[in-house]
Amino acid sequence: MQRIYERLERLERGNERHTAILDEHSRRLEALEGLPSALAAINQAIGRLEAKIEAQKQFSGLVQAVVWLLLGGVLAAGFELLKR
């Protein structure tokens, strides 16, 4: 009779371990199910960042062109003053 109780206890402990393992697998699967939507959100954020970077590049180019125009105007005015 003692052996039967020992076997039942071992069986119960094994069952508890299996339940814990199954619970952990279920938790991990639930986390994986949310992964596609998280990746889609990351992809959208990357797209927005790329658009912002492109806009900043264009603005930087515009600022550079204005600076060169102003510098050219200042140089031209300086040469005109030196001619006089």
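Residues numbered from 1 in each chain as written. Predicted model: local features only at pLDDT ≥ 70, side-chain atom pairs only at ≥ 80, totals over all residues. Heavy atoms only, no water.

Colleague: So what's going on with the overall build of the chain? Residues and values would help.
Modeller: Secondary structure summary: the chain contains two helices and zero strands in total. The C-alpha radius of gyration computed for the chain amounts to 36 Å, which surpasses the reference 12 Å derived for 84 residues by more than 25%, pointing to a less compact arrangement than a globule. If you line up the chain on its principal axes, its C-alpha atoms span 120 × 20 × 5 Å. Total accessible area computed for the chain in this model is approximately 8100 Å², and 64% of it derives from carbon and sulfur atoms. The centroid of the 12 positive side-chain charges in the chain is displaced by 8 Å from the centroid of its 11 negative side-chain charges. (Helix = DSSP H or I, 4+ residues; strand = E, 2+ residues; numbered from the N terminus. Rg over C-alpha atoms; globule rule 2.2 N^0.38 Å. Areas by Shrake-Rupley, 256 points an atom, 1.4 Å probe, with all protein chains shown as cover. Lys, Arg positive; Asp, Glu negative; His and termini not counted. Charge placed at Lys NZ, Arg CZ, Asp CG, Glu CD.)

Colleague: Describe in detail the pattern of salt bridges, supporting the description with residues and values.
Modeller: This structure, assessed with the given rule, holds three salt bridges. The residue glutamate 24 makes a salt bridge to arginine 27 at a minimum N-O spacing of 2.5 Å. One end of the pair, glutamate 24, and the other, arginine 27, are both in helix α1 (residues 2–33), three residues apart, so they sit about a helical turn from each other. Glutamate 24 is paired through a salt bridge with arginine 28; the nearest N and O atoms lie 3.0 Å apart. Of this pair, glutamate 24 and arginine 28 both sit in helix α1, four residues apart, which is roughly one turn of that helix. On the basis of relative accessibility, which here comes to 28%, the residue glutamate 24 falls in the partly exposed class. (Salt bridge = Lys/Arg side-chain N within 4 Å of Asp/Glu carboxyl O. Buried < 20%, exposed > 50% of the residue type's maximum accessible area, 1.4 Å probe, protein only.)

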